[in-house]
Amino acid sequence: MLWFLTLHIIFLLFWCAALLYLPLYLALVERRDLALELIPEGQASLARFLLTHIATPAALLAIMTGTGVFLAQGRVEPWLIVKLALVALLVLGHALVGWMVLGRERDPDRPAPAVCWTVAGGLCLLMLLIVWFVLAKPDVEGLL
Ligand code: HEM
């Protein structure tokens, strides 16, 4: 179980780091700089490469190892249900970041830096809330 938990924490850290880096990358790297950007072979952009080769695999591995921990523990606690609901929102945030990367490839002026910073801020708050729920394990029985 400890191995699952350790791997879970490693992969969720990669997932969270990539999900925060990508909107900031889109906010701060202007399209005109892309000519200077080392675009990996066969990739439309470095952002797409980071999304498909780091963020998404880390997400899948974090979810698989988290499920492994859950099955190994075999108990459902109310705080874990809230945590998993918040994780579902994080998955939607992942899809939103993917949509933003595709948007940038189609249109250099999209998404606007303000949108990128807002998305990064929202994702950061969501991640902090998830970590708080799993570490503080608040009594949310009355809420459910
Ligand atoms: C479907 C996805 C996920 C599942 C099924 C899952 C499940 C779990 C379970 C069962 C534990 C053990 C909790 C305990 O009893 O202490 C755990 C630990 C943890 N999870 Fe997840 N998790 C998922 C995704 C995430 C995500 C996305 C994050 C962060 C953004 C996260 C952060 C953590 C942390 C920090 C711990 C370690 C808590 C400790 O040190 O005790 N998890 N997870």
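As a reminder, the structure under discussion sits directly above these lines.
Here's a quick rundown of the structure. Because the structure is a prediction, the values reported are computed rather than measured.

Another point: the coordination of the iron atom of the ligand. Taken together, His8 (NE2) and Lys83 (NZ) make up the protein donors of the iron atom of the ligand, found 1.8 to 2.1 Å from the metal. Its six donor atoms give the iron atom of the ligand angles of 84 to 177 degrees at the centre, a pattern that matches the octahedral case. With His8 in helix 1 (residues 2–28) and Lys83 in helix 3 (residues 78–106), this residue pair connects regions lying 75 residues apart in the sequence.

Of all residues adjacent to the ligand, which total 22 residues, the nearest are His8, Leu12, Gln73, Lys83 and Lys137. One of the side-chain nitrogen or oxygen atoms of His8 is found 2.9 Å away from a nitrogen atom of the ligand. In the model, an oxygen atom of the ligand is placed 2.9 Å from a nitrogen or oxygen of the Gln73 side chain. The cavity that encloses the ligand is the largest pocket. For the shell around the ligand, the secondary-structure elements that each account for two or more residues are helix 1, helix 2 (46–73), helix 3 and helix 4 (113–136). For the shell around the ligand, the per-class residue count stands at 15 nonpolar, four polar and three charged.

Using the criterion set out here, one finds two aromatic pairs in the structure. When the ring of Tyr21 is compared with that of Tyr25, the centres are 5.8 Å apart and the planes differ by 40 degrees; the resulting orientation is tilted. Residue Tyr21 and its partner Tyr25 are both found in helix 1; the two are separated by four residues, about one turn of the helix. Judged by relative accessible area, Tyr21 falls into the partly exposed class, the value being 44%. Each ring, one from Trp132 and one from Phe133, has its centre 5.1 Å from the other, and the planes form 80 degrees; the classification is edge-to-face. Residue Phe133 is classed as buried on the basis of its relative accessible area, which comes to 11%. The ring of Trp99 is capped by Arg110, whose NZ or CZ atom sits 5.8 Å from the centre of that ring. Taking the ring centre of Trp79 as reference, the NZ or CZ of Lys137 above it sits at 4.8 Å.

About the thresholds
- Residues numbered from 1 in each chain as written.
- Predicted model: local features only at pLDDT ≥ 70, side-chain atom pairs only at ≥ 80, totals over all residues.
- Heavy atoms only, no water.
- Donors = N, O, S within 2.8 Å, 3.2 Å for Na, K, Ca; no water.
- Tetrahedral: all angles 85-135°; square planar, octahedral: opposite > 155°, others 65-115°.
- Helix = DSSP H or I, 4+ residues; strand = E, 2+ residues; numbered from the N terminus.
- Near = heavy atom within 4 Å.
- Polar contact = N/O pair within 3.5 Å; in protein donor to acceptor, adjacent residues only side chain to side chain.
- 1 Å grid on protein atoms, 1.4 Å probe; cavity = no way out; pocket = protein on both sides within 12 Å on 5 of 7 lines; lining within 4 Å.
- Sits in = over half its atoms within 2 Å of the grid points.
- Nonpolar A, V, L, I, M, F, W, Y, C, P; charged D, E, K, R; others polar.
- Phe/Tyr/Trp six-rings, centres within 6.5 Å; stacked < 30°, edge-to-face > 60°.
- Buried < 20%, exposed > 50% of the residue type's maximum accessible area, 1.4 Å probe, protein only.
- Lys NZ or Arg CZ within 6 Å of the ring centre and 35° of its normal.

So yeah, pure geometry; function would need other evidence.
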